[in-house]
Amino acid sequence: MKMSIGTGFARVRSFLRRGLQGPQSLAFLPAIVLAAFWIGGEPFLIFTALGAPFLYLLASGPSGRAAEEEPAKQASDVVDMAAARSLAQNALDRAKAANLATACMLVELDGLDDSAQMAGDGTVDTLRELALSRLRNTLRRDDIALRMGDRRFLLLLGPSLRLDLEALLQLASRLQNAVEEPAAVENSMRYMSASIGFCAGVRLPATATGAQMLEAAQVALSEAVANGPSAIRAWSEHMRMAHSEQKTLRSEVDRALASGQIQPWFQPQVCTSTGRISGVEALARWIHPTRGIVPPGQFLRVLEDSGRMERLSEVILQHSLTALRSWDSAGLDIPRVSVNFSDPELRDPRLVERIQWELDRFGLTPQRLGIEVLETVIAGSPEGVVARNIVELGKLGCHIDLDDFGTGHASITSLRRFKVHRLKIDRSFVTRIDRDEEQHRMLAAVLGMADRLGLETLAEGVESVGEHALLAQLGCDHVQGFGIARPMPADQLVDWANQHANRIAEAQKLGRGSA
Ligand code: C2E
Ligand code: CA
Ligand code: CA
């Protein structure tokens, strides 16, 4: 096989670069020169003293850092899934033969899209190549780094003695830092962020294949990307089980939405001064044929990942308005039903039109509907569709509730701008207020502020009679929580509301005034 002078020079330089990484390697220069004198006398000393810096310059490339910013382009850097599986198998086989460890890492560039839009395809290509060369420069000689798809890189670590969780987390963090260094491309600074998922070979069963190691790294990467940008996740057995459960739910979700398996349950909200029901919150439940009642924490992400949040809001709204009509017909006094609207649901440009149409269809006034928006959504000062929808729904006459208040940083200006009616104080500020002095002071301050701003208040997660009583004393307008009632199906609410009305009447008879 012939090798051109240029290729030979590049190979020598690549070898030296791995051996002499960074200016710190020059610290060994005096020791090298002394050793040369000891071995070969004066001629050797002169040769080494002049030659070693030359070798260092050669290793650093034509202009030091500039060389790092100039990635080598090779078509063979890109692998498909089949090739990636066989490389992973190879890595496992080598490690097993040497009785050493290996690991598979996947790196995904999170932040490349923005740069791509701003600067065009040429810049994207350069950044991608640069990311690959930075990954390679951070790895050892025995490791492999290749591109897999547009924004993803496959790393397979050569056999090594210590590749435990801690060592791999440290390596992942070094790789991430290297990729995320600002890059000068075509006279502008560009910024990339990377998420990393990895699987240590030792975490897998002894019989695991390369394909399984790769798949485990993919699961870890999808978890990292979901928590990103710039997150790192290690694969674990627990992660595998959660992932496969989510996959099963994903395959069932469309049918569940269409067949009414996903529906709201309702949790009452009570006025602290009269004890009467002031509203109910609609909380999604999946009545699963085999798993029983699945709470939203387990399926909202599935809906989000499969782009079904808009459909969820349609389903919950229809069920909620149907329930409100049926309670009206049963002679109950339920002033309002509140529905949760997450960020993706608020992005629907037809949301206001759709809600108005549904209200008309059910013959209900907008005042009967509450819109719960998370404080974090409002605190992000949304522009465009999200902001317009909240403002328009407020104008229509719907009540705007600021959910999980205290967990975001909504400004007073944004409370005004979005015409917020009520603060729903997050459960974390309510728990144990009757027993924790500091919690008590904090809540009193929040209630005082809301009062001065003319906002109604509701305390979430009220679990005990003590908390309920103290909240009433502090002037909180409404309470909601397991201490009053757990969320329940629409028909059960009829019985609960009747019993609650009886309890109030009894209490009034006894002269206590409130339930
Ligand atoms: P959230 O809006 O803050 O709802 C309150 C959550 O606290 C509910 O959990 C409720 O069951 C629970 N909870 C109520 N009282 C108590 C209490 O006294 N103690 C404790 N420990 N918990 C209490 P859930 O139903 O599991 O809902 C969780 C979250 O899922 C909700 O938090 C909301 O953000 C979201 N979610 C629920 N339904 C929907 C929906 O239809 N659409 C959207 N976008 N999000 C929903
Ligand atoms: Ca809520
Ligand atoms: Ca809440």
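Residues numbered from 1 in each chain as written. Chains lettered and ligands numbered in written order. Predicted model: local features only at pLDDT ≥ 70, side-chain atom pairs only at ≥ 80, totals over all residues. Heavy atoms only, no water.

A. Inspection of the coordination of the calcium ion (ligand 3) at higher detail. Binding of the calcium ion (ligand 3) to the protein goes through Asp403 (OD), Asp404 (OD), Glu460 (OE) and Glu460 (OE), at separations of 2.2 to 2.5 Å. Mapped onto the polypeptide sequence, the residues donating to the calcium ion (ligand 3) form the spacing pattern D-D-x55-E. The distance between the calcium ion (ligand 3) and the calcium ion (ligand 2) is 4.0 Å, with Asp403 acting as a donor to both metals. Linking Asp403 in strand S13 (residues 399–405) with Glu460 in the loop between strand S15 (456–459) and helix H19 (465–474), this pair joins segments that are 57 residues apart in sequence. On the basis of relative accessibility, which here comes to 12%, the residue Glu460 falls in the buried class. (Donors = N, O, S within 2.8 Å, 3.2 Å for Na, K, Ca; no water. Helix = DSSP H or I, 4+ residues; strand = E, 2+ residues; numbered from the N terminus. Buried < 20%, exposed > 50% of the residue type's maximum accessible area, 1.4 Å probe, protein only.)

B. Structural detail: helix H9 (residues 237–259). In this model, H9 (23 residues) spans 33 Å end to end at C-alpha, consistent with the 33 Å of a helix rising 1.5 Å per residue. Approximately 45° is the largest bend angle found in H9, and it occurs at Glu252. Tucked into the core, H9 has its buried residues touching helix H8 (210–227), strand S7 (232–234), strand S8 (262–271), strand S9 (277–288), helix H10 (296–305) and helix H11 (309–329). Looking one or two residues beyond H9, the residue adopting positive phi is Gly260, at roughly 85°. (Expected span 1.5 Å × (residues − 1). Bend = angle between axes of the 7 residues up to and from the residue. Contact = heavy atoms within 4.5 Å.)

C. A look at the packing of aromatic side chains. Counting across every chain of the model gives two aromatic pairs. When the ring of Phe266 is compared with that of Trp327, the centres are 4.9 Å apart and the planes differ by 85°; the resulting orientation is edge-to-face. Note that Phe266 is positioned in strand S8 and Trp327 in helix H11, a separation of 61 residues in sequence. Here Phe266 and Trp327 have matching classes, each one buried. When the centroid spacing of 5.8 Å and the interplanar angle of 80° are considered together, the rings of Trp286 and Phe299 count as edge-to-face. Taken as a pair, Trp286 in strand S9 and Phe299 in helix H10 lie far apart in primary sequence, 13 residues in all. With respect to burial, Trp286 and Phe299 carry one shared label: buried. (Phe/Tyr/Trp six-rings, centres within 6.5 Å; stacked < 30°, edge-to-face > 60°.)

D. Spatial organisation of the coordination of the calcium ion (ligand 2). Coordination of the calcium ion (ligand 2) by the protein comes from Glu281 (OE), Asn340 (OD1), Glu372 (OE) and Asp403 (OD), over a distance range of 2.1 to 2.3 Å. For the calcium ion (ligand 2), the donor residues sit on a single chain with the sequence spacing E-x58-N-x31-E-x30-D.

E. Molecular detail of the site of ligand 1. In the vicinity of ligand 1, 23 residues are found, and the nearest of them are Ala284, Arg285, Glu345, Glu463 and Phe482. Here an oxygen atom of ligand 1 sits 2.8 Å away from a polar atom, N or O, in the side chain of Arg285. Between ligand 1 and the protein, one listed contact pairs an oxygen atom with a side-chain N or O atom of Asp403 at 3.0 Å. If you list the elements that add at least two residues to the shell around ligand 1, you get S9, H10, H11 and S13. In terms of residue count, the dominant contributor to the shell around ligand 1 is S9 (four residues). (Near = heavy atom within 4 Å. Polar contact = N/O pair within 3.5 Å; in protein donor to acceptor, adjacent residues only side chain to side chain.)

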